[in-house]
Amino acid sequence: MDIAIATEGLEKAYQRRKRQNGFWAGMRSYFSFESEAVAAVSGVSFTIRRGESVGLIGENGAGKSTIVKMLTGILVPTGGRVETLGVVPWKSRRKLAQSIGVVFGQKPQILWDIPARASFELLKAMYAIPDEVYRFTYDEAVERLELGEFLDTPVRLLSLGQRMRCDLAACLLHAPAVAFLDEPTIGLDVLVKERVREHLVEMRRRFGTTILLTTHDLKDISATCERLLVLDRGKLLYDGSREGFQARFADERTLHVELDGGANDEAKRALDGELLSDGVTVVWDGDRRLRVDCPRAASAPKVTAAVLRSLPVRDLTLQGVELDAIVSRLYRNGGKGTA
Amino acid sequence: MSTALPVPSASQLLSGFGALAFRTAESKLTYRLATVLSLIASGFAYCVYLLVWLAVYRENPNPGPIGRGAMTAYLVVAFMVNAILTLSLEFRFIQRVRMGLVGIDLLRPLGFLPFQMAQGVGDALVNLVFVVPIFGVGLFFVGGSLMPPTAGAAVLGAVSLLLGFVVNFGVSYLIVQASFVLQSGYGVIFTRAALHQIFSGLAAPLVMFPDGLRAAATFLPFRHVVETPVRFWLGMAGPSEAPLLLAEQAAWAVSLLFLGELVFRSVMRRHQVQGG
């Protein structure tokens, strides 16, 4: 197995000066050296194979960006082990830089005052990108991300969406072995997000790029990643497939039912009698529509059969809980899943 | 895990360095009005030095070992040298530290020191372009005394200017490290500016200074940024002094870069790139 990234018990704690709010507290802080250790990342272990595309998610402050910074070598861990492409990132940062690409969302990767085309040419020289690779990555980015109309406009005059597209193109121009994308779709509209996702999929298909993507938009994950790492307050809460995550944390499915004619009270009572003992909830929307919420413990086929037996069903849809809903519930519960 | 990471070749590093220097110059030229205005403003400020010294010579024709004509030439050339070597490096860097953008600079295959130096070269290139016409104006008013007396003096002046650039960059690179540690480097920048103003020989050749200050200047790198190149250019220091002065400049340049890199490694172990 060819490993791109490996961490073992990775830790990062910051020393932070203690300071109260206000003018006098600010003055007092000149004479006080009290500080506290803040653990940003605690005991995180995972490996990512070459060519894998992995989503790293978690609430704000969960430690996602800190992990990306340690994996790229711009932060030194306070504990544990980390290797990216076979080297310790902070010890071999310069060597590693040639083989990785990084996007830090909302932080311009390219020179602010000159057009993106000039920055791309600068990166071609800096990374010594072979002509045939550059031709492909440049053309692919210009076409897929629709950069053509603003390539010659100074970057500072571009909109956020245009700039983010240029940043992503710049990050992948040298066809890096690993791309660290820290919120690359932040602030983008739906169409642009789709283009960005398509570009990532294409670059991965063409170059086998390993992708580590942190995002708050779970559609990015659904479109580009087959594996999820979920962080909660610096700790790894889940490491596995997207489907596995849904199976583990989705605590219910919903059956949407449309009836062929109204249901009488007797039929409703009969259905309740069959289902309530399993913790199933039936919510009626008039006489012709109902929603049946099934907890994970309840058998979906059994619930469906009961509905079909009790009611004149015209149409029926069984819906699992979307990734977004599971994650938002996890965040609300402070990382405590229902598993 | 595979360990065969491609290592950037020397030609790649050189080509990246050159490309970054030219693109930095291109960026700087974007703000042409601001660049010209700041040059004019510093020119006006510098005229004050000149006028003060002319007043001193009116009162006392022999205030020290340098005559009025030589002093005028020295001050004009010192202004040119200082203008060429004024780099935007520190302010640019502070801004990047505050906005958490420095992480991006750290992840370029060029390496952090060459990355910063290439930008410094870009700054100096633009400065040079603007200083050439100003030198022409100086020639018109002051005359041929601004020119080197011999071809050898011109060569020594140019070599010394290059070394002066590295010394100046070395000091800036240390300021950059201080910005990392302090998360805001304005204090150290202003301190450095004050020391540079006094000890670089910008206000007058160090030979005109009181003994104490002159002695202090010999222990600091600043005089090798302005005074040494100007003395070579104007023939105030000849070939006999060249080996020692150039060796001193080179020693300061190497020491500052080495120290900067040492501090950088230590800072990197503890620093925190701001923002998520």
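Predicted, not measured: the structure shown is a model, and the values here were computed from it. (Residues numbered from 1 in each chain as written. Chains lettered and ligands numbered in written order. Predicted model: local features only at pLDDT ≥ 70, side-chain atom pairs only at ≥ 80, totals over all residues.)

Q: Looking at this model, I keep getting lost on the overall build of chain B. Mind explaining?
A: Helix and strand content of chain B: 11 helices and zero strands. Secondary structure of chain B in N-to-C order comes out as α-α-α-α-α-α-α-α-α-α-α. Whereas a compact globule of 276 residues would reach a radius of gyration of roughly 19 Å, chain B reaches 20 Å, a difference of no more than 12%. Oriented by its inertia axes, the alpha-carbon framework of chain B measures out at about 75 × 40 × 35 Å. Across the 276 residues in chain B, those meeting the buried criterion constitute 38%. (Helix = DSSP H or I, 4+ residues; strand = E, 2+ residues; numbered from the N terminus. Rg over C-alpha atoms; globule rule 2.2 N^0.38 Å. Buried ≥ 20, exposed ≤ 12 C-beta atoms within 10 Å, placed from the backbone.)

Q: Is there a simple way to explain the overall build of chain A in this structure?
A: Across its full length, chain A carries 12 helices and 13 strands. Computed over C-alpha atoms, the radius of gyration of chain A comes to 25 Å, more than 25% over the 20 Å expected from 2.2 N^0.38 for 339 residues, which places it beyond the range of a compact globule. Dimensions of chain A along its principal axes, counting C-alpha atoms only, are 75 × 55 × 50 Å. The buried share of chain A, reckoned over its 339 residues, is 40%.

Q: Looking at this structure, I do not really get the confidence of the model for chain B. What am I missing?
A: Do not read the predicted coordinates in detail wherever pLDDT is low. Residue and element names in this part refer to chain B. Chain-level statistics for chain B give a pLDDT mean of 89 and a share of 96% at 70 or above. Predicted confidence in chain B is weakest over helix 4 (residues 89-98), with a mean pLDDT of 83, and strongest over helix 10 (residues 227-233), with 97. On the interface metric, ipTM, the complex scores 0.86, and its pTM is 0.83. (pLDDT = per-residue confidence, 0-100.)

Q: What's the story with the domain arrangement of chain A in this structure? I'm lost.
A: Size of an interface, as often reported, equals the accessible area lost when the parts are brought together. Splitting chain A by domain gives domain 1 (3-247) and domain 2 (252-320). Relative placement of domain 1 of chain A and domain 2 of chain A: their C-alpha centres are 45 Å apart. (Domains from an automatic or database assignment.)

Q: Would you mind showing me how to read helix 8 (residues 186-199) of chain B here?
A: A turn of α-helix holds 3.6 residues, and therefore any two residues three or four places apart point the same way. When the terminal C-alpha atoms of helix 8 of chain B are compared, their 20 Å separation across 14 residues agrees well with the 20 Å that a helix rising 1.5 Å per residue should span. Backbone geometry just after helix 8 of chain B places B:Gly201 at a positive phi near 85°. (Expected span 1.5 Å × (residues − 1).)

Q: Would you mind showing me how to read the sheet that holds strand 13 (residues 313-320) of chain A here?
A: Hydrogen bonds along the backbone pair up the strands of a sheet, which may run parallel or antiparallel. Residues and elements named next belong to chain A. Spatially, the four strands line up as an open sheet ordered 11-12-10-13, and their pairing is antiparallel. Single-partner strands in this sheet number two, and they are strand 11 (281-285) and strand 13. Between one strand and the next, the sheet's axes are offset by a mean angle of 20°, whatever the strand orientation. Two strands pair when backbone bridges link them, and strand 10 (residues 252-259) and strand 12 (residues 289-295) are joined in this way by seven bridges, in the antiparallel orientation. Each residue of the ladder has a partner; that of His256, found in strand 12, is Arg291. (Pairing = 2+ DSSP bridges. Axes fitted to C-alpha atoms, helices over the stretch in contact; angles between N-to-C directions.)

Q: Just to check I follow, could you spell out the pairing of strand 8 (residues 227-232) of chain A for this structure?
A: The two faces of a sheet get side chains in turn, since along a regular strand they alternate between them. Residue and element names in this part refer to chain A. For strand 8, a buried count of five out of six residues is recorded, marking the element as mostly surrounded by other parts of the structure. Here five bridges tie strand 3 (residues 53-58) to strand 8, and the two strands are oriented parallel to one another. Residue pairing in the sheet places Gly58 in a bridge with Leu231 of strand 8. Across six bridges, the pairing between strand 8 and strand 9 (residues 235-241) is antiparallel. Of the residues in strand 9, the one forming a bridge with Asp232 is Lys235. The hairpin formed by strand 8 and strand 9 contains two residues between the paired strands, and Arg233 there has a positive phi angle of roughly 45°.

Q: Hey, could you run me through the interface of chain A and chain B in this one?
A: Counting residues at the interface gives 35 residues for chain A and 31 residues for chain B. When contributions to the side of chain A that touches chain B are tallied by element, the ones reaching two or more residues are strand 1 (3-17), helix 2 (64-72), helix 3 (93-97), strand 5 (100-104) and helix 4 (116-126) of chain A. Here the side of chain A that touches chain B is composed, by residue class, of 21 nonpolar, six polar and eight charged. (Contact = placed C-beta atoms within 7 Å. Nonpolar A, V, L, I, M, F, W, Y, C, P; charged D, E, K, R; others polar.)

Q: For this particular structure, what's the right way to read the packing of helix 10 (residues 265-275) of chain A against helix 11 (residues 300-310) of chain A?
A: Pairs of packed helices are described in terms of their axes, by the angle between the two and the distance that separates them. All names here are of chain A. It is at 9 Å that the axes of helix 10 and helix 11 come closest, and there the two elements cross at 160°. In terms of their interaxial angle, helix 10 and helix 11 are classed as roughly antiparallel. Taken as a pair, helix 10 and helix 11 cross one another with a handedness that is right-handed. Side by side, helix 10 and helix 11 meet where Ala267, Ala270, Leu271, Glu274 and Leu275 of the first sit next to Val303, Ala306, Val307 and Ser310 of the second. Each residue belonging to the contact of helix 10 with helix 11 can be placed in one class, and the counts come to seven nonpolar, one polar and one charged. (Parallel < 35°, antiparallel > 145°, perpendicular 65-115°, else oblique. Left-handed = near helix turned anticlockwise from the far one by under 90°.)

Q: What is the right way to look at the sheet that holds strand 9 of chain A in this model?
A: Residue and element names in this part refer to chain A. Taken together, the six strands give an open sheet; going across it, the order is 5-6-7-3-8-9, and neighbouring strands pair in mixed fashion. Single-partner strands in this sheet number two, and they are strand 5 and strand 9. Here the average twist between neighbouring strands, direction ignored, is 15°. Examined bridge by bridge, strand 6 (residues 178-182) and strand 7 (residues 210-214) share five bridges and lie parallel to one another. Counted as the bridge partner of Ala179 is Ile211 from strand 7. Packing against the sheet, helix 2 makes contact with strand 3, strand 5, strand 6, strand 7 and strand 8, and its axis sits at approximately 155° to strand 6.

Q: Explanation requested: unusual backbone geometry in the structure shown.
A: For residues that are not glycine, phi is negative in most cases, and the peptide bond is trans in most cases. All names here are of chain A. At Glu146, a residue that is not glycine, the phi angle is positive and equals roughly 50°. Within the element layout of this structure, Glu146 appears in the loop between helix 5 (131-144) and helix 6 (160-172). By C-beta crowding, Glu146 is classed as partly exposed, having 14 other C-beta atoms within 10 Å. Positioned with a positive phi, Arg233 is a non-glycine residue whose angle comes to about 45°. With respect to the helices, strands and loops of the structure, Arg233 is situated in the loop between strand 8 and strand 9. The class for Arg233 is partly exposed, based on 16 C-beta atoms found within 10 Å.

Q: Sorry, what's going on with the pairing of strand 1 of chain A here?
A: Residues and elements named next belong to chain A. The pairing of strand 1 with strand 2 (residues 35-49) spans 11 bridges and is classified as antiparallel. Residue pairing in the sheet places Thr7 in a bridge with Phe46 of strand 2. In this sheet, strand 4 (residues 79-84) lies alongside strand 1 in antiparallel orientation, the contact comprising five bridges. Bridged to Glu11 within strand 4 is Gly79.

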